[in-house]
Amino acid sequence: MSLVNKSNTQTLAKYLQLEQNGKIQAEYVWIDGNSGIRSKTTTLDSKPSNISELKEWNFDGSSTNQAPGDNSDVLLRPAAIFKDPFRGGDNIIVLAECYNNDGTPNKTNHRHSCAKLMETHAESHPWFGIEQEYTLFDLDSQVLGWPKGGFPGPQGPYYCSVGANVSFGRDIVEAHYRACLYAGVTISGQWEFQVGPCEGIDMGDHLWIARYLLHRVAEDFGVVVSFHPKPIKGDWNGAGCHTNFSTQAMREENGIKAIYDAIDKMGKRHAEHIAVYGEDNDQRLTGRHETGHISQFSFGVANRGASIRIPRHCAAEGKGYLEDRRPASNIDPYRVTHVIVESSLA
């Protein structure tokens, strides 16, 4: 028997229409010890006008692989506010950083160091755009839309496809897109979903909240989201998080020199980048399926088999941005944006 676990949105709607008597629900969202997402709700007396008006909260870190049982309190410090598309009204989503009770960043808190680095290089105005790929599964652990007990036809007709025989999960994609726009996430496209351009620390903040929203939307449809870079073995493309990057110097006239300079620096630290470019990325970066091999660094204009691609129009205009195609779909964007800025602007 198939599992059933999806929202009864029609029944829920009558409760969400009830008055809140001036109170605000704030959903605190954080990254757990397994690079997953957790959240819980608190009640506020009024809508906060800025992040400083939000309280520091805590949770049981022994239940999230973030602390031992005998010293389990982990602190939640608000970092960014988004509108809540599920509750509506003045209710909010709060992205929070995790800290130990001695005030040091928790081992899972990569935002802390990333924010410091972005502040150091603020004058360079680092912009990012991340293309988040993912896979949808039903509750029987079957890829959404695949025939039970078998496989579909080979890949080819599914990319940006239209039609009930080749496109699956469109309702989820559309709902997620609208939820992101409502929340204030800088989403710029879909199939995969693209977040950006975002400057500095905003890139990580907006991508993590976009992922949270995708998980929540998928709940309504009884569907599971996977960010594993190679969820299905065999002759299928993996899932990545292609990361587009530019600085002000790259975007100005003759910025192509700054682009090539950055690529040269990033190539010299290829192993350091790969170390934070996602778990199980070796299963994806094989040199096949539009990837470069994990052990080799390469770059090229319009080359989707390279580690870093310079878009054709950027090469023609002599300015623009680069696309790092190495990051896997399960990256922590704070770690990826950190190493890109650290290596390219050193």
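This structure is a prediction, so every number in the text was calculated from the model and none was measured.

It is worth spelling out unusual backbone geometry at this point. For the bond from Trp 191 to Glu 192, the omega torsion is -20 degrees, close enough to zero to count as cis. Topologically, Glu 192 is positioned in the loop between strand S8 (187–189) and strand S9 (193–199). One non-glycine residue, His 289, lies in the positive phi region at around 55 degrees. Note that His 289 resides in the loop between helix H7 (270–275) and strand S12 (299–301). Even without glycine at this site, Glu 290 takes up a positive phi of about 65 degrees. The residue Glu 290 is located in the loop between H7 and S12 in this model. Residue classification places Glu 290 among the partly exposed positions, given a relative accessible area of 47%.

Neighbouring strands of a sheet are bound in pairs by backbone hydrogen bonds; such pairs are parallel or else antiparallel. Across the sheet, 5 strands lie side by side as S2-S1-S5-S4-S3; this open sheet has mixed pairing. Because the sheet does not close on itself, it has two edges, and the strands there are strand S2 (37–44) and strand S3 (57–60). Going from strand to strand, the sheet's axes swing by 40 degrees on average, the running direction of each strand aside. Sheet topology note: the strand S1 (residues 24–31)/strand S5 (residues 92–99) ladder contains 4 bridges and is parallel. Paired with Tyr 28 across the bridge in S5 is Val 94.

Turning our eyes to something else, we now look at helix H6 (residues 256–268). Under the 1.5 Å per step criterion, the end-to-end length of H6 is 19 Å for 13 residues, consistent within 8% with the ideal 18 Å. What H6 keeps buried is the set Ile 259, Ala 262, Ile 263 and Met 266. The buried residues of H6 all sit within an arc of 100 degrees when viewed along its axis, so they share a single face. Every exposed residue of H6 that faces more than 90 degrees away from the buried side is listed here: Lys 257 and Lys 268. Buried residues in H6 make contact with helix H5 (248–251), H7, S12, strand S13 (308–310), strand S14 (322–324) and helix H9 (333–344).

This part covers the nonpolar core. Val 185, Leu 213 and Leu 322 are the most contacted members of the largest nonpolar core, which totals 59 residues. No other element matches the 10 residues that helix H4 (residues 202–220) contributes to this core. The residues touching Leu 322, leaving out its near neighbours within four places in the chain, are Thr 243, Asn 244, Phe 245, Met 250, Ile 259, Ala 262, Ile 263, Met 266, Ile 308 and Arg 309. Ranked by size, the runner-up nonpolar core spans 15 residues in total, among them Ile 24, Trp 30, Val 94 and Ala 96.

Strand order in the open sheet made by the 7 strands is S8-S9-S6-S11-S14-S13-S12, with mixed pairing throughout. The sheet is open, and its two edges are formed by S8 and S12, each paired on a single side. Within the sheet, the average angular offset between the axes of one strand and its neighbour, ignoring direction, is 25 degrees. Across 5 bridges, strand S6 (residues 127–132) lies against S9 in antiparallel orientation. Bridge pairing in S9 links Trp 127 to Glu 199. Relative to S8, helix H3 (residues 170–183) is tilted by about 145 degrees, and along the sheet it contacts S8 and S9. Contacting S6, S9 and strand S11 (241–246), H4 runs over the sheet at an angle of about 155 degrees to S9.

Residue position: Ser 167 is located in the loop between strand S7 (135–137) and H3. Look at Ser 167 and you get buried, because its relative accessible area is 12%. Among the polar contacts made by the side chain of Ser 167, one reaches the side chain of Arg 170 at a distance of 3.4 Å. Discounting chain neighbours no more than four positions away, the residues touching Ser 167 are Ser 161 and Trp 191.

Turning next to the pairing of S5. Counting buried positions over the 8 residues of S5 gives 8, a clear majority of the element. What you see with S5 is no split at all: Ile 92, Val 94, Ala 96 and Cys 98 on one side and Ile 93, Leu 95, Glu 97 and Tyr 99 on the other are buried throughout. Sheet analysis places strand S4 (residues 73–83) next to S5, joined by 8 bridges and oriented antiparallel. Bridge pairing in S5 links Ile 81 to Val 94.

Among the structural elements, Asp 332 can be located in the loop between S14 and H9. A distance of 2.9 Å separates a polar atom in the side chain of Asp 332 from the backbone nitrogen of Tyr 334.

Right, let's get into the packing of aromatic side chains. For any two aromatic rings, the description comes down to two numbers: the centre-to-centre distance and the angle of the planes. On inspection of all chains with the given rule, the structure shows 8 aromatic pairs. Both rings, one in Tyr 28 and one in Trp 57, keep their centres 5.2 Å apart while their planes meet at 75 degrees; by these two values the pair is edge-to-face. A residue pair is termed long-range when its members are at least 10 positions apart, and Tyr 28 in strand S1 and Trp 57 in strand S3 qualify at 29 residues. On the basis of relative accessibility, which here comes to 0%, the residue Tyr 28 falls in the buried class. Chaining the aromatic ring pairs together yields one cluster made of Trp 146, Phe 151 and Trp 236. The ring of Trp 127 has Arg 251 sitting right over it, with the charged end atom 3.6 Å from the ring centre.

Thresholds, definitions, all that
- All chains use their own residue numbering, which begins from 1 and follows the written sequence.
- Where local features are concerned, this predicted model is filtered to residues with pLDDT of at least 70; where side-chain atom pairs are given and counted, the filter is 80 or more; whole-chain, interface and lining totals use all residues.
- Calculated side-chain values reflect all of the structure's heavy atoms, with hydrogen atoms and water omitted.
- A run of H or I in DSSP becomes a helix once it reaches four residues, and a run of E becomes a strand once it reaches two; helices and strands are each numbered from the N terminus.
- Throughout this description, buried means an accessible area under 20% of the type-specific maximum (1.4 Å probe, protein chains only), exposed means over 50%, and partly exposed covers the range between.
- DSSP calls a pair of strands paired once it identifies at least 2 bridges connecting them.
- Each axis is a line fitted through C-alpha atoms, and for a helix only the stretch in contact is used; angles between axes span 0 to 180 degrees, taken between their N-to-C directions.
- How far a helix is expected to stretch is found by multiplying one less than its residue total by 1.5 Å.
- The directions considered for the arc are those from the helix axis to the C-beta atoms.
- Only heavy atoms matter for contacts: two residues are in contact if any of them lie within 4.5 Å across the pair.
- The definition of a nonpolar core used throughout is a set of buried Ala, Val, Leu, Ile, Met, Phe, Trp, Tyr and Cys residues joined through side-chain atoms within 4.5 Å.
- Counted as a polar contact is a pair of N or O atoms within 3.5 Å, where, for protein atoms, one must be capable of donating a hydrogen and the other of accepting one, and residues adjacent in sequence contribute only when both atoms are in side chains.
- Note on aromatic pairs: the rings of Phe, Tyr and Trp (six-membered ring only in Trp) are paired at centre separations within 6.5 Å, and the planes decide the class, stacked below 30 degrees, edge-to-face beyond 60, tilted for the rest.
- The rule is short: NZ of Lys or CZ of Arg within 6 Å of the ring centre and within 35 degrees of the ring normal puts a charge over the ring.

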